[in-house]
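Here is how the chains run, residue by residue.
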Number of protein chains: 4
Amino acid sequence: MSVNKFGRILNFTTWGESHGSAIGCVIDGVPPLINLSEEDIQIWLDRRKPGQSRFTSQRKEPDKVEILSGIFENKTTGAPLSLVIKNIDARSRDYGEIADKYRPGHADYTYDAKYGIRDYRGGGRSSARETASRVAAGAIARKVLDSIIPGKVKIRSALIQIGSQSINREHWDDSEIEKNPFWCPDAVAAKNWAGYLEKIRKDGSSVGAIIEVIASGIPVGLGEPIYGKIDSELAMAMMSINAVKGVEVGEGMAAASLTGEENADEMYTESGLVKFKSNKSGGVLGGITTGQDIVVRFAVKPTSSILSERKTVDKSGAETKISTKGRHDPCVGIRAAPVGEAMMALVLADQLLRHRAQIGNIDF
Amino acid sequence: MSVNKFGRILNFTTWGESHGSAIGCVIDGVPPLINLSEEDIQIWLDRRKPGQSRFTSQRKEPDKVEILSGIFENKTTGAPLSLVIKNIDARSRDYGEIADKYRPGHADYTYDAKYGIRDYRGGGRSSARETASRVAAGAIARKVLDSIIPGKVKIRSALIQIGSQSINREHWDDSEIEKNPFWCPDAVAAKNWAGYLEKIRKDGSSVGAIIEVIASGIPVGLGEPIYGKIDSELAMAMMSINAVKGVEVGEGMAAASLTGEENADEMYTESGLVKFKSNKSGGVLGGITTGQDIVVRFAVKPTSSILSERKTVDKSGAETKISTKGRHDPCVGIRAAPVGEAMMALVLADQLLRHRAQIGNIDF
Amino acid sequence: MSVNKFGRILNFTTWGESHGSAIGCVIDGVPPLINLSEEDIQIWLDRRKPGQSRFTSQRKEPDKVEILSGIFENKTTGAPLSLVIKNIDARSRDYGEIADKYRPGHADYTYDAKYGIRDYRGGGRSSARETASRVAAGAIARKVLDSIIPGKVKIRSALIQIGSQSINREHWDDSEIEKNPFWCPDAVAAKNWAGYLEKIRKDGSSVGAIIEVIASGIPVGLGEPIYGKIDSELAMAMMSINAVKGVEVGEGMAAASLTGEENADEMYTESGLVKFKSNKSGGVLGGITTGQDIVVRFAVKPTSSILSERKTVDKSGAETKISTKGRHDPCVGIRAAPVGEAMMALVLADQLLRHRAQIGNIDF
Amino acid sequence: MSVNKFGRILNFTTWGESHGSAIGCVIDGVPPLINLSEEDIQIWLDRRKPGQSRFTSQRKEPDKVEILSGIFENKTTGAPLSLVIKNIDARSRDYGEIADKYRPGHADYTYDAKYGIRDYRGGGRSSARETASRVAAGAIARKVLDSIIPGKVKIRSALIQIGSQSINREHWDDSEIEKNPFWCPDAVAAKNWAGYLEKIRKDGSSVGAIIEVIASGIPVGLGEPIYGKIDSELAMAMMSINAVKGVEVGEGMAAASLTGEENADEMYTESGLVKFKSNKSGGVLGGITTGQDIVVRFAVKPTSSILSERKTVDKSGAETKISTKGRHDPCVGIRAAPVGEAMMALVLADQLLRHRAQIGNIDF
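### Side note on the overall build of chain A
No. 1: Looking only at helices and strands, one finds eight helices and 18 strands in chain A.
No. 2: In terms of C-alpha radius of gyration, chain A reaches 21 Å, essentially the compact-globule figure of 21 Å for 364 residues.
No. 3: Taken across its 364 residues, chain A has 69% of its residues classed as buried.
No. 4: Sequence separation of at least 24 residues holds for 69% of the intrachain contacts in chain A that already meet a minimum separation of 6.
No. 5: Within chain A, one finds 48 positive and 46 negative side-chain charges whose respective centroids are separated by 5 Å.

Encoded structure:
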């Protein structure tokens, strides 16, 4: 597995820098004969693209995707799909300060220390712009899931916390999620968040967030044991998203506080199907799906690009200060939600193909 | 990457079931000319083995490791190391109940659903017994780290929470960790935990735990971007350990509540070296090490093998009840600490070799 | 992919040295519910083992295989199979000469140059003894093929040349192959070879051989394009066998001399099935099987362990001479035939599982 | 390893169809700080491109490469390089015949059988056009080799046989290779080939070829044992090139005829360096380089696109005939020479980085 590649059977390799001419990815292992057009990908990219509200970066990128290979007469052929997204709004400005100074909380210092060179323009390879490729690849993964398990799998996400403000889970309403700029399932919280985040934005500050991603309609038996566990791969997937610092499945960190009686989901049958009385496990036991919803949460740290002046060092090793101006997100976690969904889709679709390899076709 | 294999350059493949004749692993990619004996591995296995206090499983396994290949005159040759640990205390008893009934919170149901067959004896392949192989492989990883960065890297772990009981971080004393059966760094907490866990044990119940693993002496620049991030691989590594439900790096889930000002670690220089005023990042920025301590936490759920009767279903789909008797851990998280250390060592050693591949030797 | 691992979905990792305590392998990705016993593997190992005629090494190894994991009630479980073969007849003798001097045509010098250390006892890791693990893994691959395509696939091999002596293809009779110690399909040639090779053996010399491996009953559509071509993987597989210097598919090197008219196999239909008038392609077009026999040939060089004194150098760089005594094969190519079959089975079974992953179940 | 990906540490993934809008590749694992411009790649692409003499396809492709990512200020950054080559001369013509009929000797039938769909325009994914990406990636591999072993490694290739016509090895003159359109090292043979091939071309026929690729200046100790052997990877690499049917290293298939005395290269020392009296091994022993020239040969079959009418079947299964008109190569082997060089460079550079990973820097 390469550093820029994710997945085993269904896999994708991303490339490109924030202010280069384009970014993109190559998606391999796609089953043939799946209907696919650029629009199928574009709808997901549009949910992630910046500049859609005042709470995300004001960079204006149409994020228009082009498919350069792997389809013929609007169907996949089994050959690799090459997707390209041109960078349009990569402002040519003076990068002097970022070029020499290391922004605290950024990868500037570590990239320079590792490689001895760094494309500092807009964050280069370390920019969250790379996640557009993930969302594009995720759109393909959704198509793969739907081609093998038609109409069953649904992947959705929501922000359940922004900075110090959490939702009230009793207010959860899926239909609210698309109605506010925060992917917030709690209408009351969404209203409060607008004011809260507006202040953060005006202060030139930023806050973190927690995103929950839920996959429904997953058959029992997906995932592999030991080092191919579906929860282990989801942890890797989510933690690989820029700025993520924690990942939980089901009860997550709170499982530590529970007793065995509280934690283990009791089982029963209904119309001949095995059911669970609760879902503390988050839909995964022994790395393999139970058939319940797969529930994953991840925490995104506040973007480190803030207006406040911060102490740092420069390339020469001299101490200095830095204040990041520019078009940054007061809560970068908002745009991470579609990325989390994409990574969920990619893990599930890959596991589905791996399941077919070892076990054969799944019956539904 | 196979399901039973972990790592890219330095990698290992584990095999074996809980009640089979033996378990073991093959470790590949080991640099040549490293001094190695069975004792170098045994010392780490001895820290994980069961039956060392009344707070862990009473199964009596000497966990004696044999090296079958890959060394010559007590040095590694670059060929794969085959390690074998015989299963001694795999009691031949009546497995009738477990054979047919699915234990809630266990992988019994999901393995059967996936494979159509399940080695139910002692949990078979899904048993935490597999982690002995990880600890053995981890011992090799420590040797690799020490051969390339002599005397620098130190990996330690501690339990910071058992059930509802947390440590007081102000009491943290590394020297306490080995003095109590809980790897607890807080002498006061350790004392309380003894009584707390004794009650849990007597009740036939169980609780979860949070383990913190810390690696010191790590050079700046280890780790790779995007899908090879060191924190992403640590998340995968820890989540792959049996019963783990959450993983955090640095501030972890709490990073969501912070502002950008609070979160980004300011930088300065000291004797010409770059230093950080805090370590909210947990030693990783952009997937690459900062040179600070790498700090990872993971939550282990309570073992689902409890005395209390629980509702479940059997293989035929009929509803039934189950009560798990036998030699189980009131807090399986205790034995996860040495496993977490091993996984940390394995990720770091692999990344060190991968760094050499792309960049060349590291200077220290 | 590790150095000691072969295959993607169905894969195996070998370990062990010629004169260590044991050799073995771990086979991963095996579908569950396949009937398997040690005897299923032993029958193939018995065909490869040394000391069966005066034309192969006189080392006496029973090559008794043990399965340590991955089966339950005589069925595979989907967990990794660990196979171990003890080394019995690893004579403890004085290795002084081999320890210091580099045998021409052997890997002694290159291993030392690469690793700075070498287990010289019986060739260590570079010994053809490693191929016993391949044959054991190949037995599993045959089981996998037979479980998915019951009763169809047949893999056989034959020596078509020993030293300067070729068979007459018009004499080819499959039933002769098992009747002589050379796997020779031509009864007349076999008779001549006995005398020819007896002289080589008595002279303390050795000769090379060409082995042909044929797989029948293969469905059309196996194999993958570009870098996953089935012929490309067969080339890698055969060339990885000790002492192999050339690999051909179908017409092989002779294809260079043909015209397009001579080379391209014309197609027709018979009972609704697509057929070919010839098989110049060796059953592979564009890396994908045509449904015809897959025909691969490979050349094994003469073993370099010969009685004649040869000029060489020692570890100190001094010029010297060496004469290899001991139990070596006058034509090591004989024992390569079962190994070639095993590698064919392993490539085909792996490709079959990979096909299921991307395309779904194959209909037959 | 994906189907469209080659290499482990230094690896590349290709995409694109013959008559799509573009082809390209993503190259990963490239060390940072290597000077790189598009010209460095273009010079190698120019050697492969069609339409340079009347003996290769008359398709007119400028094969102009663009680097979309991974360089900054003309240096590699360690991030993936995305290379794109636009397809210019993909004639929009009536593909009706090829769309329905299977060309004998082509992958038309096997692709359709496998995937149920086939981009038949110009051969789609199975076209040799894909090899332009290999040559581009090979240019990067040469840069990598030169950055680590400056000025040492030289890779060259020559055609040693076209159809029935072989060179006379005693006439070999490296300086002749670039002087004729056949990469022929024998001036006399080159002259004869012109007439020979002109007749083949006028007849609408085609012939095969044998290409020899030689790498000089390779350090001793490159390559890995067992399944990572450098000759095994070269066999896979060359056999993956379109139309290749056989691969040899050193003596190749002819090694079968030799005795042990003839085959094993004797060793001596010169100025303190180990030398060999001959190079029957082709520079590889036990999968590891000896420091001598690495010598690989591969046979390319005649292109199956010939004017002569041939029997075949169509998609419906009906028997029919086909005659391929269009711009095809009378000897496609000519254009395979630069591709063989590229694959050699890619295998060597990857092995060099893998060597650094396990062993550390190489001293020269």
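### A short note on the packing of aromatic side chains
No. 1: Under the defined criterion, the tally for this structure stands at 32 aromatic pairs over all chains.
No. 2: Ring plane angle 75 degrees and centroid distance 5.4 Å describe the contact between Y227 of chain C and F12 of chain D, whose orientation is recorded as edge-to-face. Highlighted residues: Y227 of chain C in the loop between β10 (209-216) and α6 (230-239) and F12 of chain D in strand β2 (residues 11-16), drawn from two different chains. Note on accessibility: Y227 of chain C and F12 of chain D belong to one class, buried.

### Remarks on the relation of the copies chain C and chain D
No. 1: When chain C is fitted to chain D, the best match, at an RMSD of 0.0 Å, comes from turning it 180 degrees and sliding it 0.0 Å along the axis. Viewed as a symmetry operation, the transformation between the two copies matches a two-fold axis. When C-alpha positions in chain C are compared against the rotation axis, the closest is assigned to M236 of chain C, at 2.4 Å.
No. 2: Take the interface residues of chain C: 99% of them recur as interface residues in chain D, which is what a same-surface contact looks like.

### Remarks on the environment of I306 of chain D
No. 1: Structurally, I306 of chain D can be placed in the loop between β16 (294-300) and β17 (310-313).
No. 2: If we ignore the near neighbours within four places in the chain, the residues touching I306 of chain D are G260 and E261 of chain C together with G204, S205, S206, S323 and T324 of chain D.

### A word on the packing of α6 of chain C against helix α6 (residues 230-239) of chain D
No. 1: In contact at an axis separation of 8 Å, α6 of chain C and α6 of chain D are set at 160 degrees when each is read in the N-to-C sense. Taken together, the axis directions place α6 of chain C and α6 of chain D in an arrangement best described as roughly antiparallel. For α6 of chain C against α6 of chain D, the interelement crossing comes out right-handed. Along its contact with α6 of chain C, which presents D231, S232, A235, M236 and M239 of chain C, the element α6 of chain D presents D231, S232, A235, M236 and M239 of chain D.
No. 2: Its residues assigned to classes, the contact of α6 of chain C with α6 of chain D comprises six nonpolar, two polar and two charged.

### Quick word on the confidence of the model for chain A
No. 1: Per-residue confidence for chain A averages 94 on the pLDDT scale, and 97% of its residues sit at or above 70.
No. 2: Taken together, the chains of this predicted complex give a pTM of 0.97 and an interface ipTM of 0.97.

### Regarding the sheet that holds strand β1 (residues 5-6) of chain D
All names here are of chain D.
No. 1: Strand order across the open sheet formed by five strands is β1-β2-β3-β7-β4, with antiparallel pairing between neighbours. Strands with a single pairing partner mark the edges of an open sheet, and in this sheet they are β1 and β4 (65-67).
No. 2: Here three bridges tie β4 to strand β7 (residues 81-86), and the two strands are oriented antiparallel to one another. Pairing of I67 across the sheet is with L83, part of β7.
No. 3: Most of the contacts of helix α4 (residues 131-148) go to strand β3 (residues 22-28), to which it runs at about 30 degrees, and overall it touches β2, β3 and β7.

### Focus on unusual backbone geometry
Trans is the common state for peptide bonds, and a negative phi is the common state for residues other than glycine.
No. 1: Not every positive phi belongs to a glycine, and S271 of chain B is a case in point at roughly 50 degrees.
No. 2: In this structure, S271 of chain B sits in the loop between β12 (267-270) and β13 (273-276).

### Digging into the environment of L352 of chain D
Residue and element names in this part refer to chain D.
No. 1: Locating L352 in the fold gives a position in helix α8 (residues 333-359).
No. 2: Separated by 129 residues in the primary sequence, L352 and G223 place their C-alpha atoms 7.8 Å from one another.
No. 3: Discounting chain neighbours no more than four positions away, the residues touching L352 are L145, I148, I149, L222 and I362.

### Thoughts on the interface of chain C and chain D
No. 1: Taken together, the contacts link 104 residues of chain C with 103 residues of chain D.
No. 2: With both sides pooled, the region where chain C packs onto chain D buries about 8400 Å², and carbon together with sulfur makes up 60% of that total.
No. 3: A per-residue breakdown of the area chain C buries against chain D is headed by K114, Y227 and K245 of chain C, which together make up 11% of the total.
No. 4: For the pair chain C and chain D, the number of links is two salt bridges.
No. 5: Counting across the interface, chain C meets chain D through 47 residue pairs in polar contact (both at pLDDT 80 or more).
No. 6: Across the side of chain C that touches chain D, the residue classes tally to 46 nonpolar, 37 polar and 21 charged.

Cut-off values and rules
- Residues numbered from 1 in each chain as written.
- Chains lettered and ligands numbered in written order.
- Predicted model: local features only at pLDDT ≥ 70, side-chain atom pairs only at ≥ 80, totals over all residues.
- Heavy atoms only, no water.
- Helix = DSSP H or I, 4+ residues; strand = E, 2+ residues; numbered from the N terminus.
- Rg over C-alpha atoms; globule rule 2.2 N^0.38 Å.
- Buried < 20%, exposed > 50% of the residue type's maximum accessible area, 1.4 Å probe, protein only.
- Contact = heavy atoms within 4.5 Å.
- Lys, Arg positive; Asp, Glu negative; His and termini not counted.
- Charge placed at Lys NZ, Arg CZ, Asp CG, Glu CD.
- Phe/Tyr/Trp six-rings, centres within 6.5 Å; stacked < 30°, edge-to-face > 60°.
- Least-squares fit on C-alpha atoms with pLDDT ≥ 70 in both.
- Axes fitted to C-alpha atoms, helices over the stretch in contact; angles between N-to-C directions.
- Parallel < 35°, antiparallel > 145°, perpendicular 65-115°, else oblique.
- Left-handed = near helix turned anticlockwise from the far one by under 90°.
- Nonpolar A, V, L, I, M, F, W, Y, C, P; charged D, E, K, R; others polar.
- pLDDT = per-residue confidence, 0-100.
- Pairing = 2+ DSSP bridges.
- Buried area = accessible area lost by both parts, 1.4 Å probe.
- Salt bridge = Lys/Arg side-chain N within 4 Å of Asp/Glu carboxyl O.
- Polar contact = N/O pair within 3.5 Å; in protein donor to acceptor, adjacent residues only side chain to side chain.

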